[in-house]
Amino acid sequence: MEDVAKGNRSPALWLKVITMLLLVLCVCCAEIPHRENKPHQVRLQVTDNHVIIRNGIVEVTIENPSGYLTGIRYKKVNNILEGRHRSDNRGYWDIISDHCPMDRLVTKNFKVITRTDEIVELSFTKKWNSTTDYHKTVPLNIDKRFIVRRGVPGLYMYGIFEREEDFPDASMDHIRIAFKLREDRFRFIALSDSRQRIMPSTDDRSSSRARTLAFKEAVVLTNPSDPQLKGEVDDKYQYSTENKDNKLHGWISDDDAVGFWIITPSSEFRAGGPHKQGLTSHPGATSLCMLVTAHYAGKDFDTTYKKGEHWKKVFGPAFIYLNSASSSNDHRKTLWMDAKRQLNEEIESWPYNFTRSQDFPHAEQRGEVSGQLLVRDRYTDKNLVPAQSAFVVLATPGDAGSWQRDGKGYQFWTQADTKGHFDIKNVRPGEYNLYAWVHGFIGDYKLDLNITIQPGNKISLGTLIYDPPRNGPTFWEIGIPDRTASEFFIPEPDPMLVNSLCLDEADKYRQYGLWDRYSDIYSHSDLVYTIGTSNYSQDWFFAHVPRNVRNNTLRPTTWQIKYNLQEVTKTGTYTLQLALASASFAEVQVRFNDPDVVRPHFTTRRIGYDNAVARHGIHGMYRLYSIEVTGNRFEKGENTIFLTQSRSKGAFNAVISKWS
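Reference entry: report on the structure contained in this document. All residue numbers refer to position in the chain's written sequence, counted from 1. For this predicted model, a pLDDT threshold of at least 70 governs which residues receive local features, and a threshold of 80 or more governs which side-chain atom pairs are given and counted, while totals over whole chains, interfaces and linings are taken from all residues. Water and hydrogen atoms were dropped before computing side-chain values, which therefore reflect all heavy atoms in the structure.

1. A short note on the side chain of D103
Piece 1. Think of it this way: any DSSP run of H or I at least four residues long counts as a helix, any run of E at least two long counts as a strand, and we number them from the N terminus. In this fold, D103 is placed in the loop between β5 (91-97) and β6 (109-115).
Piece 2. Three exposure classes are used, based on accessible area relative to the maximum for each residue type with a 1.4 Å probe and protein chains only: buried under 20%, partly exposed in between, and exposed over 50%. Note that His is not counted, nor are the chain ends; the positive residues are Lys and Arg, and the negative ones are Asp and Glu. A carboxyl oxygen of Asp or Glu within 4 Å of a side-chain nitrogen of Lys or Arg is what we treat as a salt bridge. For the buried residue D103, which engages in no salt bridge, the nearest side chain bearing the opposite charge is K126, 5.3 Å off.
Piece 3. N or O atoms within 3.5 Å of each other form a polar contact, as long as, within protein, one can give a hydrogen and the other can take it, and as long as residues adjacent in sequence are counted only when both atoms are side-chain atoms. Among the polar contacts listed, one links the side chain of D103 to the backbone nitrogen of L105, at a separation of 2.9 Å.
Piece 4. At 2.8 Å, the side chain of D103 forms a polar contact with the backbone nitrogen of V138.
Piece 5. Look past the residues within four positions of D103 in its chain and what remains in contact with it is W93, D94, I95, T137 and V138. In this description, contact between two residues means that some pair of their heavy atoms is separated by no more than 4.5 Å.

Structure below.
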């Protein structure tokens, strides 16, 4: 290049320079998805049967007046959605309820809310009628909204659902938006930086190509259309993620170098707290925007709506983002990185200021709550310690920890910094309680004060103190108080039952059949853990499950904790803390030093519906039991606690437990 600057015009040198510039240009084009330089105006076309919105980048077709999303045209793909399906099975809202097994929320009325060159917002509505709709559809007034903006490659969707006071009782266990993409094109999913893979097709899961495992959702692929998937396990629950991480996921068409992404910049309308898990994708190019789900919670999750209660909630908006890249070996990474960039833009724009429903407050109509949370640890050298990285939640008023069971209200959460400071922004007007849990400490914090958010107000709560439930110094502890079993021993899966998406150490717990590995490892006797000698990362199995003794005969299991007490106060009272990260149709019985005593000192009785072990979850619903024990039950020297998981009707009768 220096020779050129000096006036050397050698043809060979110029050719080299031009080649270098072309290479740089090609690399740049491969890394930046195509964007429109001159955005077209947004145009709306209404017919008797369809409504079509175009902005020069995407063309969105919605059935009129049902509100079903039937077509998305983008780039060379005439329809992103699966055209072989019926119109009600491409892009749709649905609710699973006791009133209707699956209500796809067909609407009866259509209205244009906004129509300008910059934006079009449409509304599809239906009012529930007790005469014509009883036991046919969910007792719910429906308003489904669609928005297309100028220069934006995608569409926004949100729903406004309302129950009037005279509506009958109903449960709504699952609320979601589902998208069935073209299977012949979309075969690759991306859930996170590390969770990405080629997916099997619907046909790959058929009886001629797969073998069903312990439940219908799980199959091993015996003759898939893509040979590289042969022998792998596929189960939709292996693609679950927590609310706090469920902001971006999608599918890629390798043939077209096109990405389809669901972006959720806020989780305020989701339920169950930051750690609530939900589905993201199904085989068969199905992408899900989960809004409410009873998965990983079950009947303990409150999704029951009573007659006499008025309820109204806005779900969304979620952004359906489309992008493209030049076809190259690296187009998947290019599309994923661009989708992450777009997610950040959407988060910065939240709450959106272009929606036209009075039920969705804009930024100036919201409030903010801040403060500092400290922990008073009375039995360490430091009396007050910052609640570092604590999860702080504003949710419906209730008992401490009730936020994880709340399936109906709005929730706003954040993580405290290293000093325990927290700031929850963009809170909708309403009445809330403030809750928290702190990594490394058992129990739940709740501020005994109702917090009323009004438009524009900023509330500083000052310094708050959490007193964990401790009655004295801790003699010993198994595990870390973090509400998961991630630090415990997670076995290697059966090599014949592996999903390559879960090979990363952080995702190993998602592998199929880990519950059966307990019987392989402890084939003749149950787990024994010795305080001071055993290591919980190697010696404490992550889930307390039944043991398969022979011919699929299941038996209750009794684990032992052995420990030494140098002194015992016979007249004193000791506390055994049992923290459960999950429970499913299980019962934990506790006995001290005598495993044969008929009546246990303590029992949880039958608890739990979260089914987290079967659904490859490392946690479900959190529970804490403080068990008081008189000193006369202990001996100076060696002692043993016997822990029996007494339910064994199924392989998934299990708890995930931590003890101190």
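2. What about unusual backbone geometry?
Piece 1. Put simply, G316 and P317 share a cis peptide bond, and its omega is 5°.
Piece 2. Here P317 lies in strand β23 (residues 311-324).
Piece 3. Going from W350 to P351, the amide bond is cis rather than trans, its omega being -5°.
Piece 4. On the secondary structure map, P351 appears in the loop between α4 (331-349) and β24 (367-376).
Piece 5. With a phi close to 50°, N551 is a non-glycine residue in the positive phi region.
Piece 6. Its relative accessible area of 74% is what places N551 among the exposed residues.
Piece 7. With a phi close to 65°, N593 is a non-glycine residue in the positive phi region.
Piece 8. The topology assignment puts N593 in the loop between β38 (588-592) and β39 (602-603).

3. A short note on the nonpolar core
Piece 1. If you look at the biggest cluster of nonpolar residues, it comprises 115 residues, and the most contacted ones within it are L69, I80, F161, F260, L373, F422 and L434.
Piece 2. Tallying contributions element by element places β23 first for this core, with eight residues.
Piece 3. Not counting residues up to four positions away in its chain, the partners in contact with F161 are W93, I95, L105, L140, N141, I142, D143, I175, W311, K312, K313 and F315. Here, nonpolar core refers to any group of buried Ala, Val, Leu, Ile, Met, Phe, Trp, Tyr and Cys residues whose side-chain atoms link them within 4.5 Å.

4. Examining the sheet that holds strand β14 (residues 218-221)
Piece 1. Paired strands are those between which DSSP finds at least two bridges. Taking strand neighbours across the sheet as the criterion, the three strands line up as β13-β14-β15 in an open arrangement whose pairing is antiparallel. With one partner strand each, in any of the chains shown, β13 (210-212) and β15 (233-235) form the two edges of the open sheet. Strand-to-strand twist of the sheet, defined as the mean angle between neighbouring strand axes without regard to direction, takes the value 30°.
Piece 2. With three bridges joining them, β13 and β14 adopt antiparallel strand pairing. Within the sheet, the bridge partner assigned to T212 lies in β14 and is V219. Every angle, taken between N-to-C directions, lies between 0 and 180 degrees, and every axis is a line fitted to C-alpha atoms, over only the stretch in contact when it is a helix.

As far as function goes, none of this settles anything; it's purely spatial.
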